[in-house]
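Descriptive analysis of the structure
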Amino acid sequence: MEKTMELALENKDYVIQMRRYFHENPEASEHEVNTCKVVCEELKKMGLEPQVVGKLGTGVMVDIKGDQPGKTIALRADMDALSVQELNDFSFKSKVDGLMHACGHDGHTATLLGAAKVLLACKDQIKGTVRLLFQPAEEVATGAKDMIDAGCLDGVDATMAIHLWSDVKSGTISVEAGPRMAAANWFKYRLKGKPGHGALPHQGIDAGLAASAAALNMQHIVSREFPASEPLVITIGHIESGTRFNVIAAEALLEGTVRCFNLEAFCKGVPEAMLRVVEGTADAYRCEVTEKFVFEATLPCNNPEEASARATKTVKKLLGEEGVGKLPPLMGGEDYSFIMNKVPDSLIAFVGIGDPEKGTDEPHHSGCFKIDEDCLPNSVAFYAQYAIDYLNE
Ligand code: NI
């Protein structure tokens, strides 16, 4: 057995205890004050000197230097919880009403703390520096940017993040190359017409009708302007218009999200096409577009071939052939994508926690979400071993 796995198993109780503490005490995005404090305390107990970083004031960075000089790899864990009501009834269920670690970030934070212990015990194997990044505010996509702005990636040659994942079988880790998570945005368009009597529509300009047409026309972008071989989703989740059943609506709002894996299409092609269709449709219905808003929440996460090959070897070392997990690309977003975009040699790994017999295959963001805690050592060992393997290349 690899030394990292031996040490991860030795620290299993510690990691479970930390994970349960974070689970019981969840904090909302951008408010991870106590989590940040506890992470710093734990790192100090290990003899490390963590730094609180970023404008949000809750990010933590710490370097572990190996016995020999070399490159620097950053390992990232996110720390925030979600506004979800916990429906589980175990001893360490969330103490905060309406707030829950329903995505597994409690496990990320705990296993990166575990990895710190393992790495400290393996300093003779570290050729260079392992930087640990405890990141706030992933769920609102401001945390990774905050860490980047604070200079956390300065001098960093490669990065790796793990996500515990309930669709990946317990005992396996998915590190496939190519698209892993989608780029996601939030868009809004407001259309303006002219009010009038519902019985005399020709005297007004119906913004509600124009918005309905624009919503339909935007779906043609997906089927007629972009290749069917590349997944693209345009969802308009919120339409608002009008005040009364017999009044012509003078205003309408369309709000939604785009998901795709192609960065060029996401940043340029799709938003340009959408604006053309919304403006063209508004024009055809004699309306005006008074608000155009696009917020790029996340970029695509693409695992490079080289990093994926390296990670596959690491997984096999730790868990054998059967440890190589599988997960199709996800249309969900992840703000680690901003780190991946900044440091090309970056990898996102999905550590399996899904075991139907233990009931840990519930979807993420559900109030019933659970972690197979027997898999936490896999996350600890993978964090540590991947860093060691990279630095020894
Ligand atoms: Ni998550």
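Residues numbered from 1 in each chain as written. Predicted model: local features only at pLDDT ≥ 70, side-chain atom pairs only at ≥ 80, totals over all residues. Heavy atoms only, no water.

1. Brief notes about the sheet that holds strand E1 (residues 51–53)
- If you trace the seven strands from one edge of the open sheet to the other, you get E1-E2-E4-E3-E5-E15-E6, paired in mixed fashion. Each having just a single partner strand, E1 and strand E6 (173–174) make up the two edges of the open sheet.
- Of the strand pairs in this sheet, E6 and strand E15 (residues 346–354) are connected by two bridges, and their pairing is antiparallel. Paired with Ile173 across the bridge in E15 is Val351.
- Relative to strand E2 (residues 59–65), helix H3 (residues 33–45) is tilted by about 15°, and along the sheet it contacts E1, E2 and strand E4 (127–135).
- Relative to strand E3 (residues 68–78), helix H10 (residues 376–391) is tilted by about 150°, and along the sheet it contacts E3, E4, strand E5 (158–169), E6 and E15. (Pairing = 2+ DSSP bridges. Helix = DSSP H or I, 4+ residues; strand = E, 2+ residues; numbered from the N terminus. Contact = heavy atoms within 4.5 Å. Axes fitted to C-alpha atoms, helices over the stretch in contact; angles between N-to-C directions.)

2. Overview of the coordination of the nickel ion
- Each protein donor to the nickel ion is listed here as Cys103 (SG), His105 (NE2) and His163 (NE2); together their distances run 2.2 to 2.4 Å.
- Motif for the nickel ion, donor spacing along one chain: C-x1-H-x57-H. Here the residue His105 occupies a position in helix H4 (residues 105–121), and His163 occupies one in strand E5, the gap between them amounting to 58 residues.
- Residue classification places His105 among the buried residues on the basis of a relative accessible area of 0%.
- What makes His163 buried here is its relative accessible area of 3%. (Donors = N, O, S within 2.8 Å, 3.2 Å for Na, K, Ca; no water. Buried < 20%, exposed > 50% of the residue type's maximum accessible area, 1.4 Å probe, protein only.)

3. Some thoughts on the domain arrangement of the chain
- Examined at the domain level, the chain breaks down into domain 1 (3–179 + 300–391) and domain 2 (183–297).
- Here domain 1 and domain 2 have C-alpha centroids that lie 38 Å from each other.
- Contact residues are listed per partner, giving 12 residues for domain 1 and 10 residues for domain 2.
- Both faces combined, the contact of domain 1 with domain 2 buries some 890 Å², and carbon together with sulfur accounts for 69% of it.
- Counting across the interface, domain 1 meets domain 2 through one residue pair in polar contact (both at pLDDT 80 or more). (Domains from an automatic or database assignment. Buried area = accessible area lost by both parts, 1.4 Å probe. Polar contact = N/O pair within 3.5 Å; in protein donor to acceptor, adjacent residues only side chain to side chain.)

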